[in-house]
Amino acid sequence: MRYGSEHKEATRRRIVEAAGRRFKQDGIDGSGVATLMKDAGLTNGAFYAHFASKEDLVANALADQLSEQRARVGAQVRDRAELEQFVREYLSAEHRDSREEGCPSAALLDEIGRCADATRRAYTTGVLAIIDDIAALLPPDNPGSARMRVLSVFAMMAGTLQLSRALADRQLADNVLDQGVRNALVLLDIGQ
């Protein structure tokens, strides 16, 4: 039975969304095609009708996750006061504890660095779009400088979230998040 293009696109979308959640939960290497397809409610055989390889799916899932994150950040952060709130929510215990619904960077950076060029390019394009949107909120003294400052702060925030997730001592993990908020706000020269 042949399906129409709408059905094929809806199925592809279901796979990408399920893969995005699973990758953030179990990692790229920890997520096999069989599990990803089961999460999407499909058989393994359907995979290659939509993707050339698992790496192709990874690149598409990352691009999708970052696009969704950009839309959420864009809707939430329109000025410097909202940027402060975003920093506080990003470096929160709730975000730390819901990895599969959270930031793909904090969940997958270590693995993305080992992926193929196409995946790293998809990641770079997606993350820089978010960074540039946030940098536009900073004083326009030097747009290149604002981009690098926001990129550095984002790297620090993602690393802070990763470290907090890795610590067995919950109080220490919470303290790391609190200090990360203070550090990010100082570096962005906002709030406090």
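Data block above holds the structure.
The notes below deal with the structure included here. These numbers come from a predicted model, not from an experiment.

**Side note on the overall build of the protein chain**
When its secondary structure is counted, the protein chain shows nine helices and zero strands. For the protein chain, the sequential pattern of α-helices and β-strands runs α-α-α-α-α-α-α-α-α. Its C-alpha atoms give the protein chain a radius of gyration of 18 Å, within 12% of the compact-globule value 16 Å for 192 residues. Seen through its principal axes, the protein chain has C-alpha atoms that stretch 60 × 40 × 25 Å. Looking at the protein chain residue by residue over its 192 residues, the buried ones come to 41%. Sequence separation of at least 24 residues holds for 68% of the intrachain contacts in the protein chain that already meet a minimum separation of 6. On the protein chain, roughly 10,000 Å² of surface is accessible, and the fraction owed to carbon and sulfur atoms is 51%. Between the centroid of the 25 positive side chains of the protein chain and the centroid of its 28 negative side chains there is a distance of 4 Å.

**Describing unusual backbone geometry**
Working note: non-glycine residues mostly have negative phi, and peptide bonds are mostly trans. Of note in the backbone geometry, D189 takes a positive phi value of approximately 60° without being a glycine. Structurally, D189 is set in the segment after helix 9 (170-188). The class of D189 is exposed, set by a relative accessible area of 59%.

**Some words on the packing of helix 6 (residues 104-112) against helix 7 (residues 117-135)**
Packed helix pairs are characterised by how far apart their axes lie and by the angle those axes make with each other. Look at helix 6 against helix 7: their axes get within 11 Å of each other, and the N-to-C directions meet at 145°. When you trace helix 6 past helix 7, the crossing you get is left-handed. Here S105, L109 and I112 of helix 6 lie close against helix 7, whose contacting residues are R120, Y123 and V127. Of the residues assigned to the contact of helix 6 with helix 7, the class counts are four nonpolar, one polar and one charged.

**Re helix 9**
Over its 19 residues, helix 9 runs 27 Å from end to end, which matches the ideal 27 Å to within 8%, given 1.5 Å per residue. Residue D169 occupies the N-cap position of helix 9, its side-chain oxygen lying 3.0 Å from the main-chain nitrogen of Q171. With its phi angle positive at about 60°, D189 sits one or two positions after the end of helix 9.

**Some points on the environment of R149**
Residue position: R149 is located in helix 8 (residues 143-166). According to the relative accessible area criterion, R149 is partly exposed, its value standing at 28%.

**Some thoughts on the packing of helix 3 (residues 54-76) against helix 6**
For the pair helix 3 and helix 6, interaxial distance at closest approach is 12 Å and the crossing angle is 150°. Taken together, the axes of helix 3 and helix 6 lie roughly antiparallel to each other. Note that helix 3 runs across helix 6; the crossing there is left-handed. Mapping the contact onto sequence places L62, Q65, L66 and Q69 in helix 3 and P104, S105, L108 and I112 in helix 6. For the contact of helix 3 with helix 6, the residue count by class is five nonpolar, three polar and no charged.

Cut-off values and rules
- Residues numbered from 1 in each chain as written.
- Predicted model: local features only at pLDDT ≥ 70, side-chain atom pairs only at ≥ 80, totals over all residues.
- Heavy atoms only, no water.
- Helix = DSSP H or I, 4+ residues; strand = E, 2+ residues; numbered from the N terminus.
- Rg over C-alpha atoms; globule rule 2.2 N^0.38 Å.
- Buried < 20%, exposed > 50% of the residue type's maximum accessible area, 1.4 Å probe, protein only.
- Contact = heavy atoms within 4.5 Å.
- Areas by Shrake-Rupley, 256 points an atom, 1.4 Å probe, with all protein chains shown as cover.
- Lys, Arg positive; Asp, Glu negative; His and termini not counted.
- Charge placed at Lys NZ, Arg CZ, Asp CG, Glu CD.
- Axes fitted to C-alpha atoms, helices over the stretch in contact; angles between N-to-C directions.
- Left-handed = near helix turned anticlockwise from the far one by under 90°.
- Nonpolar A, V, L, I, M, F, W, Y, C, P; charged D, E, K, R; others polar.
- Expected span 1.5 Å × (residues − 1).
- Polar contact = N/O pair within 3.5 Å; in protein donor to acceptor, adjacent residues only side chain to side chain.
- Parallel < 35°, antiparallel > 145°, perpendicular 65-115°, else oblique.

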